[in-house]
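Chain by chain, the residues run as shown.
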Amino acid sequence: MADDDARRALLAANLDTVHGRIADACRVAGRDPQEVGLVVVTKFFPESDVRLLAGLGVTDVGENRHQEASAKAAACADLGLSWHFIGSIQSNKAAAIAAYADVVESVDRVKLVNALDRGAREHGRTVDCLVQVSLDPPTASARGGAAAGDVAAVAEAVAGASALRLRGVMAVAPLGEPPLPAFERLAEVAARLRLEHPDATVVSAGMSGDLEEAIRCGATHVRVGSAVLGPRPPIK
Ligand SMILES: *Cc1c(COP(=O)(O)O)cnc(C)c1O
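For the chain, an unreviewed UniProt entry supplies the name Pyridoxal phosphate homeostasis protein and the organism Nocardioides pocheonensis. UniProt annotates the chain under Sequence similarities (unreviewed entry) with the comment "Belongs to the pyridoxal phosphate-binding protein YggS/PROSC family."

Structure, rendered in structure tokens:
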């Protein structure tokens, strides 16, 4: 199909550009590009795009809404992708998310941990978890994430759950503030967490607009949506 070929060519070109940005940012930071994993955020885009991405070598995809994620993960089960759940989690959806997510990046309160663990156990799975850290000033409207002072408790709960594996932290840069100081705060939180949990080495930070700053501050994973897939349709 000509349409499919054109879409594949566009995604391939965008992926090249993003890999180039990651490589440049690593060079500037004196880091090895192999240290930085790419999660392509496919939210709002169809299964057909996920298939094209898998064909182009993408191994990790991110989704932020349970219903959409669950349907897409089931439809694309044959692709062997790693599914990252990156959206805010309602407590009553946590167990269901653990049924298909390979990595839950948005664990931001102790209350979610039992349900995630139960969901993972019921499906005979082990689920990697990141503690989402809020980088917002305390006065700002919350974009999700545990306050820095609550991270240790959430991490402890994950570490104590038999079907969950504590892998590190995730954050979204605050709105209306330069990302660099925020990502520096995240690096401090991540370093503190590693003192207690040496295997919690993942720092998921950086999106289409700020992946360079995140890599400069030690991100091990960047979550990139629009720079690969193009602009998302507006949320209704
Ligand atoms: C949508 C989303 C992304 C990707 O954002 P882009 O700016 O499109 O790259 C990354 N992380 C989270 C948590 C998201 O919700």
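From this point on, the discussion continues.
Colleague: Please clarify how the overall build of the chain should be interpreted in this entry.
Modeller: Helix and strand content of the chain: nine helices and eight strands. Taken over C-alpha atoms, the radius of gyration comes to 17 Å for the chain, in line with the 18 Å a tight globule of 236 residues would show. Referenced to the eigenvectors of the C-alpha coordinate spread, the extents of the chain come out at roughly 50 × 45 × 35 Å. When the 236 residues of the chain are sorted by exposure, 48% land in the buried category. Carbon and sulfur atoms make up 53% of the accessible area of the chain, which totals about 11100 Å². Taking the average place of the 25 positive charges on the side chains of the chain and the average place of its 30 negative ones, the gap between the two points comes to 4 Å.

Colleague: Help me understand the site of the ligand in this model?
Modeller: All residues in the neighbourhood of the ligand are listed as Val41, Lys43, Ile86, Val172, Met207, Ser208, Arg223, Val224, Gly225, Ser226 and Arg232. In this structure, Gly225 approaches the ligand through a main-chain N or O atom, which is 2.8 Å from an oxygen atom. Note that an oxygen atom of the ligand is positioned 2.8 Å from one of the backbone N or O atoms of Ser226. With the chains in place, 88% of the 390 Å² that the ligand exposes on its own is no longer accessible. If you map the ligand onto the pockets, it falls in the largest pocket. Residue composition of the shell around the ligand, grouped by class: five nonpolar, three polar and three charged.

Cut-offs and rules
- Sequence order as written defines residue numbering, which begins from 1 separately in each chain.
- Totals for whole chains, interfaces and linings use every residue, but because this is a predicted model, local features are given only for residues with pLDDT of at least 70 and side-chain atom pairs only at 80 or more, for both listing and counting.
- Here the side-chain values reflect all heavy atoms present in the structure, with hydrogen atoms and water set aside.
- UniProt positions are given in the numbering used here, feature names are shortened, and annotations may be inferred rather than shown by experiment.
- For helices the rule is a DSSP run of H or I covering at least 4 residues; for strands it is a run of E covering at least 2, with both sets numbered from the N terminus onward.
- Radius of gyration here uses only the C-alpha atoms, and the compact-globule reference equals 2.2 Å multiplied by the residue count raised to the power 0.38.
- Accessibility here uses a 1.4 Å probe with only protein chains present; expressed as a share of the type maximum, an area under 20% marks a residue as buried, one over 50% as exposed, and anything in between as partly exposed.
- The method behind every accessible area is Shrake-Rupley, applied with a 1.4 Å probe, and residues are considered shielded solely by the protein chains displayed.
- For the purpose of counting charges, residues Lys and Arg are taken to be positive, whereas Asp and Glu are taken to be negative. His and the chain ends are not included.
- Lysine's charge is taken at NZ, arginine's at CZ, aspartate's at CG and glutamate's at CD.
- To be near a molecule or strand, a residue needs just one of its heavy atoms within 4 Å of it.
- Between N or O atoms, a polar contact is any pair within 3.5 Å; within protein, one atom must be a potential hydrogen donor and the other a potential acceptor, and residues adjacent in sequence are included only when both atoms are from side chains.
- Only protein atoms enter the 1 Å grid, on which a cavity is a set of points fitting a 1.4 Å probe that cannot get out and a pocket is an open set with protein on both sides within 12 Å along at least 5 of 7 lines, lining residues being those with an atom within 4 Å of a point.
- Molecules are considered to sit inside a cavity or pocket once more than half of their atoms lie within 2 Å of its grid points.
- The residue classification treats Ala, Val, Leu, Ile, Met, Phe, Trp, Tyr, Cys and Pro as nonpolar and Asp, Glu, Lys and Arg as charged. All others, Gly included, are polar.

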